[in-house]
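# Observations on the model geometry
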Amino acid sequence: MTTQTVGTDAGDARITWHTASGARLVLAVGHGAGGGIEARDLQALAAALPAHGVTVALVEQPWRVAGKKVAPAPKTLDTGWRGVWPALAEPGLPVISGGRSAGARVACRTAAELGAHAVLALGFPLHPPGRPEKSRAGELLDAGVPTLVVQGGNDPFGRPAEFPPGEFGLVEVPYGDHGFAVPKRAQLTQERALEIVTGAVREWVVSLR
């Protein structure tokens, strides 16, 4: 594991590299607006995928690196992601643009212009909780590259059944909330929930051409 600071027009971002031996792809994953790269799903992917030939790059947006507690506007998040992209592409491998929550929106909005190989959307915030009329489906549908959504079955930002038809894959994590946490009473352990996430991503990555 190595870290790299990258200057962007939104400030300094940081990449934590989990490098695979003989990697064939880079999976770059950004965090959400309410947390950083310590999120359970991001850490699980970083631990699991390098053994399968995928280098995982966990990207911290400039606002997090600067120690701020509130995420900036989507336009500024996109600026930070664009600024990091040359470093992500430096290994010369196809780059999957990914993120959780707000980071998933960033990945979708910028995928086509940056030449992303595909998009991974973890906990895509289809709408604000309790506001299904405020749909962000357009961002997902307009990604323009192969896309996988991994969504908690009880995600208040959009349950799997709420997603519209489209050219994207959708995997449900039963009982999972927006961060894929499952209640203790669920017929599924937290460990198994994360295995569903990492297994689905691994199978999808292998299927990409």
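Above this note sits the structure.
These figures come from a predicted structure and were not determined experimentally. Residues take numbers from 1 onward in each chain, read along the sequence in its written order. In keeping with the model being predicted, local features are shown solely for residues with a pLDDT of at least 70 and side-chain atom pairs are shown and tallied solely at 80 or more, while totals for entire chains, interfaces and linings include all residues. As a rule here, side-chain values come from all non-hydrogen atoms in the structure, and water together with hydrogens is ignored.

## A few points about the overall build of the protein
Helix numbering and strand numbering both begin at the N terminus, where a helix is a DSSP run of H or I of at least 4 residues and a strand a DSSP run of E of at least 2. Secondary structure assignment for the protein yields six helices and eight strands. The order of α-helices and β-strands along the protein, N terminus first, is β-β-β-α-β-α-α-β-α-β-α-β-β-α. For the radius of gyration, the atom set is restricted to C-alpha positions; the globular benchmark scales as 2.2 Å times the number of residues to the power 0.38. Taken over the C-alpha trace, the protein has a radius of gyration of 16 Å; the compact-globule value for 209 residues is 17 Å, and the two agree within 12%. For the C-alpha atoms alone, the extent of the protein along its principal axes is close to 40 × 35 × 30 Å. Each residue is assigned to one of three classes by its accessible area relative to the maximum for its type, calculated with a 1.4 Å probe on protein chains only: buried under 20%, partly exposed between the two thresholds, exposed over 50%. In the protein, which comprises 209 residues, the share counted as buried stands at 53%. Look at the contacts in the protein between residues 6 or more apart in sequence, and 61% of them connect residues 24 or more apart. Throughout, the Shrake-Rupley method with a 1.4 Å probe supplies accessible areas, and for residues the shown protein chains are the sole cover considered. Here the protein has roughly 9,400 Å² of accessible surface; of this, 51% comes from carbon and sulfur atoms. Contacts: residue pairs with any heavy atoms within 4.5 Å of one another.

## What to know about the nonpolar core
Buried together is how nonpolar side chains tend to be arranged in soluble globular proteins. By nonpolar core we mean a set of buried residues, namely Ala, Val, Leu, Ile, Met, Phe, Trp, Tyr and Cys, connected to one another through side-chain atoms within 4.5 Å. In this structure, Ile-15, Leu-88 and Phe-124 are the most contacted members of the largest nonpolar core, which totals 35 residues. Looking at this core, the elements that each hand over two or more residues are strand 2 (11-18), strand 3 (25-30), strand 4 (54-60), helix 3 (74-89), helix 4 (102-114), strand 6 (118-122) and helix 5 (137-141). The contacts of Phe-124, once residues within four sequence positions are left out, are Ala-104, Arg-105, Cys-108, Arg-136, Glu-139, Leu-140, Val-149, Gln-151, Phe-157 and Phe-163. Core analysis: the second largest hydrophobic core is formed by 30 residues, Leu-45, Leu-58, Val-182 and Trp-204 among them.

## Considerations on the sheet that holds strand 8 (residues 169-173)
Think of a sheet as strands paired side by side through backbone hydrogen bonds, with each pair either parallel or antiparallel. Strands were regarded as paired on the criterion that DSSP finds at least two bridges between them. On the basis of which strands lie adjacent, the open sheet formed by eight strands has the order 1-2-4-3-5-6-7-8 and mixed pairing. Each edge of the sheet is formed by a strand with only one pairing partner; in this case those strands are strand 1 (2-8) and strand 8. Sheet twist, expressed as the mean angle between neighbouring strand axes with direction ignored, is 20°. With five bridges connecting them, strand 7 (residues 147-152) and strand 8 associate as parallel partners. Note that in strand 8 the partner of Val-150 across the bridge is Val-171. To obtain an axis, a line is fitted to C-alpha atoms, over the contacting stretch when the element is a helix, and the angle between two such axes runs from 0 to 180 degrees between their N-to-C directions.

## Overview of unusual backbone geometry
Non-glycine residue Tyr-175 carries a positive phi angle of around 70°. In this structure, Phe-180 is a non-glycine residue whose phi angle is positive, near 65°. Looking at where Phe-180 falls in the secondary structure, it is placed in the loop between strand 8 and helix 6 (190-207). Since its relative accessible area comes to 0%, Phe-180 is described here as buried.

## Overview of the packing of aromatic side chains
When two rings of Phe, Tyr or Trp (its six-membered ring) have centres within 6.5 Å they constitute a pair, described as stacked for plane angles under 30 degrees, edge-to-face for angles over 60, and tilted for the intermediate range. For the structure shown, the criterion picks out two aromatic pairs. Taken together, Phe-124, Phe-163 and Phe-168 form an aromatic cluster joined through their ring pairs.

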